[in-house]
Amino acid sequence: LDSPPTHRSQGCGQMLALSRQTATYLHKQTSLQPQLIVVSPLRRAIQSALIAFPTQTPMTCLANTPWICHPHVMESANGNKSEFVSDEAVLRDMFPGVEFGLLDRWVEREFAGSVEKVNGKEKVPLFENKIDLMGRTEEFLAWLKNRDERVVVVS
């Protein structure tokens, strides 16, 4: 299998610039602190969140901000879902402290427990129509509404 995309130097530079902007916005302008960080199961989305919120990283944050990987925030472009989801075990090793339980249940339910079925070209419908996207969004918002946290970062 091809390896999932990661940030190159330009992407890391953009995330560092974002980190400075979020720090200014959160600390100086609003005094808000994230109470929850929700990340996509895509490696570069998790990397983006870690770089953009370096003081909120899992296992090192004094506020103990939870990090949850949610499959419904997987990006899509031009009607196509991302074609590569990293294996949960690989993600767990790379990103300790991020909770991957929702991803585990989604892979089990949708793909009989094998991420290879998600990544296999012929096994995943990569096209997502607007109705499916709206349904996925609605499910995510319902999940979020049932949470106690009100200052939420989604990456």
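In what follows, the accompanying structure is described. (Residues numbered from 1 in each chain as written. Predicted model: local features only at pLDDT ≥ 70, side-chain atom pairs only at ≥ 80, totals over all residues. Heavy atoms only, no water.)

**Quick word on the overall build of the chain**
Okay, step 1: Each helix and strand counted, the chain has six helices and six strands in total.
Okay, step 2: If you list the helices and strands of the chain from N to C, you get α-β-α-β-β-β-α-β-α-α-α-β.
Okay, step 3: Counting every atom, the chain has about 9,400 Å² of accessible surface; 53% of that belongs to carbon and sulfur. (Helix = DSSP H or I, 4+ residues; strand = E, 2+ residues; numbered from the N terminus. Areas by Shrake-Rupley, 256 points an atom, 1.4 Å probe, with all protein chains shown as cover.)

**Considering the pattern of salt bridges**
Okay, step 1: Under the defined criterion, the tally for this structure stands at two salt bridges.
Okay, step 2: For Arg92, the salt bridge identified is with Asp104, shortest N-O distance 2.5 Å. Note that Arg92 is positioned in helix α3 (residues 88-94) and Asp104 in helix α4 (residues 101-111), a separation of 12 residues in sequence.
Okay, step 3: For Arg92, a relative accessible area of 35% translates into the label partly exposed.
Okay, step 4: Note that Arg147 and Glu149 form a salt bridge whose closest N and O atoms lie 2.9 Å from each other. (Salt bridge = Lys/Arg side-chain N within 4 Å of Asp/Glu carboxyl O. Buried < 20%, exposed > 50% of the residue type's maximum accessible area, 1.4 Å probe, protein only.)

**Considering the nonpolar core**
Okay, step 1: Counting residues in each nonpolar core, the largest one holds 19 residues, and the members touching the most others are Ile37, Val39, Val98, Phe100 and Leu103.
Okay, step 2: Going through the elements one at a time, β1 (36-39), α2 (43-52), β2 (67-69) and α4 are the ones with two or more residues in this core.
Okay, step 3: The biggest single contributor to this core is α2, with four residues.
Okay, step 4: Other than its neighbours up to four places away in sequence, Phe100 contacts Ile46, Cys69, Leu91, Arg92 and Phe95. (Core = buried A, V, L, I, M, F, W, Y, C linked by side-chain atoms within 4.5 Å. Contact = heavy atoms within 4.5 Å.)

**Focus on the sheet that holds strand β6 (residues 152-154)**
Okay, step 1: The four strands are arranged β5-β2-β1-β6 in an open sheet whose pairing can be described as parallel. Among the strands making up the open sheet, the edge pair consists of β5 (98-99) and β6.
Okay, step 2: Where helix α6 (residues 130-145) meets the sheet, its contacts fall on β1, β2 and β6, and the angle it forms with β1 comes to roughly 160°. (Pairing = 2+ DSSP bridges. Axes fitted to C-alpha atoms, helices over the stretch in contact; angles between N-to-C directions.)

**Some words on the side chain of Ser40**
Okay, step 1: Note on placement: Ser40 falls in the loop between β1 and α2.
Okay, step 2: Non-local contacts of Ser40, meaning those with residues more than four positions away in its chain, are made with Ala45, Ile46, Cys69, His70, Val73, Met74, Glu75 and Ser155.

**Examining the environment of Met94**
Okay, step 1: Following the sequence through the fold, Met94 ends up in helix α3.
Okay, step 2: Separated by 51 residues in sequence, Met94 and Arg43 have C-alpha atoms that sit 8.9 Å apart.

**Thoughts on α6**
Okay, step 1: With 16 residues, α6 extends 22 Å from end C-alpha to end C-alpha; this agrees with the ideal 22 Å at 1.5 Å per step.
Okay, step 2: Those residues of α6 not exposed but buried are Arg136, Phe140, Trp143 and Leu144. One face of α6 carries all of its buried residues, which in axial projection span an arc of 100°. Residues Lys130, Ile131, Met134, Glu138 and Lys145 are exposed on α6 and point more than 90 degrees away from its buried face. (Expected span 1.5 Å × (residues − 1). Arc of directions from axis to C-beta.)

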